[in-house]
Structures are given as structure tokens and as C-alpha cells.
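Each chain is listed here by its residues.
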Amino acid sequence: MPNSEDTAASEPRPRPLISVEGLARRFPEPRGKGELTVFDNVWFTVDPGEFVCIIGHSGCGKSTILNILAGLDRPSDGVVIVSGEAIEGPSLDRAVIFQSHALMPWMTALANVELGVSSRHKDWSRSQVRDHAMKYLELVELKGSELKKPAQLSGGMRQRVGIARALAIEPKIMLMDEPFSALDALTRGSLQDEVLAIRAKTHQTTFMITHDIDEALLLADRILLMTNGPKARIAEIVDNTLPENRKRADVHRHANYYPLRNHLIDFLVARSRELAGGAGGAFDPRHPPVVHPAAGKPTTAGSTPGKPIAASSSSAA
Ligand SMILES: Nc1ncnc2c1ncn2[C@@H]1O[C@H](COP(=O)(O)OP(=O)(O)O)[C@@H](O)[C@H]1O
Ligand SMILES: [Mg+2]
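This structure is a prediction, so every number in the text was calculated from the model and none was measured. (Residues numbered from 1 in each chain as written. Chains lettered and ligands numbered in written order. Predicted model: local features only at pLDDT ≥ 70, side-chain atom pairs only at ≥ 80, totals over all residues. Heavy atoms only, no water.)

Engineer: Break down the packing of helix α2 (residues 109-120) against helix α4 (residues 155-168) for me, with residues and values.
Structural biologist: Put simply, α2 and α4 touch, their axes get as near as 8 Å, and they point 25° apart. The orientation of α2 relative to α4 falls into the category roughly parallel. As for how α2 packs across α4, the hand of that crossing is right-handed. Only Val161, Ala164, Arg165 and Ala168 of α4 make contact with α2, whose side of the interface consists of Ala109, Asn112, Val113 and Val117. Class assignment of the residues belonging to the contact of α2 with α4 gives a composition of 6 nonpolar, 1 polar and 1 charged. (Axes fitted to C-alpha atoms, helices over the stretch in contact; angles between N-to-C directions. Helix = DSSP H or I, 4+ residues; strand = E, 2+ residues; numbered from the N terminus. Parallel < 35°, antiparallel > 145°, perpendicular 65-115°, else oblique. Left-handed = near helix turned anticlockwise from the far one by under 90°. Contact = heavy atoms within 4.5 Å. Nonpolar A, V, L, I, M, F, W, Y, C, P; charged D, E, K, R; others polar.)

Engineer: Help me get a handle on empty space enclosed by the protein, residues and values and all.
Structural biologist: If you walk through the whole model with that rule in mind, you get 1 cavity of 30 Å³ or more. In this structure, the largest cavity encloses a volume near 90 Å³. Considering the residues around the largest cavity, the lining is formed by Phe51, Ile163, Leu167, Met174, Met176, Val195, Ile198, Arg199, Gln204 and Thr206. The set of elements that each furnish at least two residues to the lining of the largest cavity consists of α4, β7 (173-177) and α5 (185-202). Per-element tally for the lining of the largest cavity: the top contributor is α5, with 3 residues. Here the residues of the lining of the largest cavity sort into 7 nonpolar, 2 polar and 1 charged. (1 Å grid on protein atoms, 1.4 Å probe; cavity = no way out; pocket = protein on both sides within 12 Å on 5 of 7 lines; lining within 4 Å. Points joined across faces, edges and corners; volume = space filled by probe spheres on them.)

Engineer: Explain the site of ligand 1 to me, using residue names and the numbers behind them.
Structural biologist: Neighbouring ligand 1 are Phe27, Val38, His57, Ser58, Gly59, Cys60, Gly61, Lys62, Ser63 and Thr64. With respect to ligand 1, the backbone of Gly61 contributes an N or O atom lying 3.0 Å from an oxygen atom. Note that an oxygen atom of ligand 1 is positioned 2.8 Å from one of the side-chain N or O atoms of Lys62. With the chains in place, 56% of the 570 Å² that ligand 1 exposes on its own is no longer accessible. The dominant element in the shell around ligand 1, judged by the number of residues it contributes, is helix α1 (residues 62-70), at 3 residues. (Near = heavy atom within 4 Å. Polar contact = N/O pair within 3.5 Å; in protein donor to acceptor, adjacent residues only side chain to side chain. Areas by Shrake-Rupley, 256 points an atom, 1.4 Å probe, with all protein chains shown as cover.)

Below is the structure:
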């Protein structure tokens, strides 16, 4: 284990639920004979009950990583281990929520959620399926709208149905690819509140892509920072130093908020580009530096390349 200045590192972490080990994805160049290496040597873990966000510029490969986690795409190198086993393809244990809702347009909200439930529980009676689906529609505050079809629902409500459908399957892992980016700011805010409440209630393990820094700080326990591609990689892991019971209304008043926010912005504005293609920080890609931006504490990951700031002690299973 690398040395650490942090007490957190000495506490044993749970065995990770997801272990991403040496992932790479290459595509044939559109015109040339060569290959485009989108990302390379990507390692990270997600612990049970953890909410992990990934941030990086468009095109660095975030959706490709999420699709590989979902089993919808295969890596060129590396492996994804879930609960100790390499994944082979899609599974009801890994539910995906995309930017667009992907609901069946001819079915009611309830029927859309029931469809997921009955695919999971083939032996359940109709009323069992209905009760279970209703429980999750209530969780996302859609009680009373369950008999509406997607066209009769607002964009935010449709996305809520998608969330209910994914949660109702009771997956081990929820994978979200910019789920709120197509929504207006107010709707996005209320859905973020919903996800916060669900997170507190269910401790659903979640891996989420977002380009919204404030969203990441509100929702995530840890934030993975990805450099620009080609050959993108996880350059750093930011531990969220905000209190667990944070609320959207006042989170920005916490002393650690701006140190965290500035750190993420600095990464997106400058360091994601400077560190592209493997430049800079010659760290072990299995242990990207972990930083804990906080008030009164300089976060200098950028100025101490190669030095793991805290143990990423959840090493590969
Ligand atoms: N099926 C594919 N064939 C060729 N190139 C692809 C394919 N899928 C993704 N890419 C390329 O991989 C890169 C990363 O894409 P993506 O994962 O969607 O990035 P992000 O989600 O970070 O914006 C892009 O340059 C994209 O053009
Ligand atoms: Mg994407």
C-alpha cells in the first residue's frame, strides 16, 4: 500500500462490488488503417453502496466505459469484475439509465415499470408485480400519474419513470449516463433531490456520468477525473469532503464546497488537457492519486505528480 497522510486509508475498505482492471478500448480509424485508442489502462473500483461519478470532456470515453460496465460493449483489453466474477454481457443486476428515457411509448408508466419487474420475477403474480412497481413509482413521486403514457408526461416525469423502472429491478448496480442533461435546470434540481433521497434510503450502488460539477458534488461519494483522449485515463480520484447529509439548498455554503468545485473546474479547464495522452503524473495507473480538497488545505495533486496522495487501498480483488 502506498503511504498515506490520511487516516481514512488505514480503515479497511469493503471488498469492491465493481473492479475495473486495465480497461482499454480501441476502434478502427474511420479512414486510416490504424486504430484509435480511446482509453487505456483504466483502473478503478466501486464499493458496495457507493455513488461514484465520472467527469471528463466529451469524447474521452465515459459512455464507452459505462457501456462496457453494462455489458453492452466489450473492452479491447482488461476486465470488469462484479462480485468477484468477470462480466460476460448484460444482466438485470446492472440497470442502465440513459439521457433519453427509452420507455415503451404505448404503455402506461405503470406498465413500463411492470415490464422490468416481470422480467426479473417471472414467477410473480400480476398483483405482486403491480404492487412492487407501484412502490417504486411512489418512491419517485409519481403516484397518481401511473396510468399516463410517456407522451402525457413531462420530460422530468418520464425520466422518473425510467429511474423507477431501473430501481424496481433491484439491480446490484445502477449505471447512469448523463441522466438529467436533457432536462431544464429546475427539473434537473428536483430529480437530483429525488436521487439524493433514494440514495439515503436504498444505498443503491451507482456509477454515473455527468458533466455537471455541482451535480457530482451533490450526489457522489467519489469523483473520477478522466483526461482527454485519445489514450484517456483516470488521472485522479476526488474524495467528496462534503458531509453525508448534504442538501442542494445549502450545500454551496459548506466551507469545502468551493475548494472542491475549484479543483474540479481547474481539472476540466486545464489539467484534463495537460495530462492527455499519458503526459505528466507518472503514477501507477492502478492507483491514481486520491485527493481530498477541503477548506484551508491545499490540494496539490497537480504539483506532486506520481505521488499517491492517499492509498487507493481498494486494490483489485
Ligand atoms: N462504435 C464506435 N466506433 C468508432 N468509434 C467510436 C465508437 N463508439 C465510440 N467511439 C469513439 O470513442 C470516443 C469516445 O466516445 P464516448 O465514450 O461516447 O465519449 P464520452 O461519453 O466521454 O463523450 C469518441 O471519439 C467516439 O467517436
Ligand atoms: Mg457520453
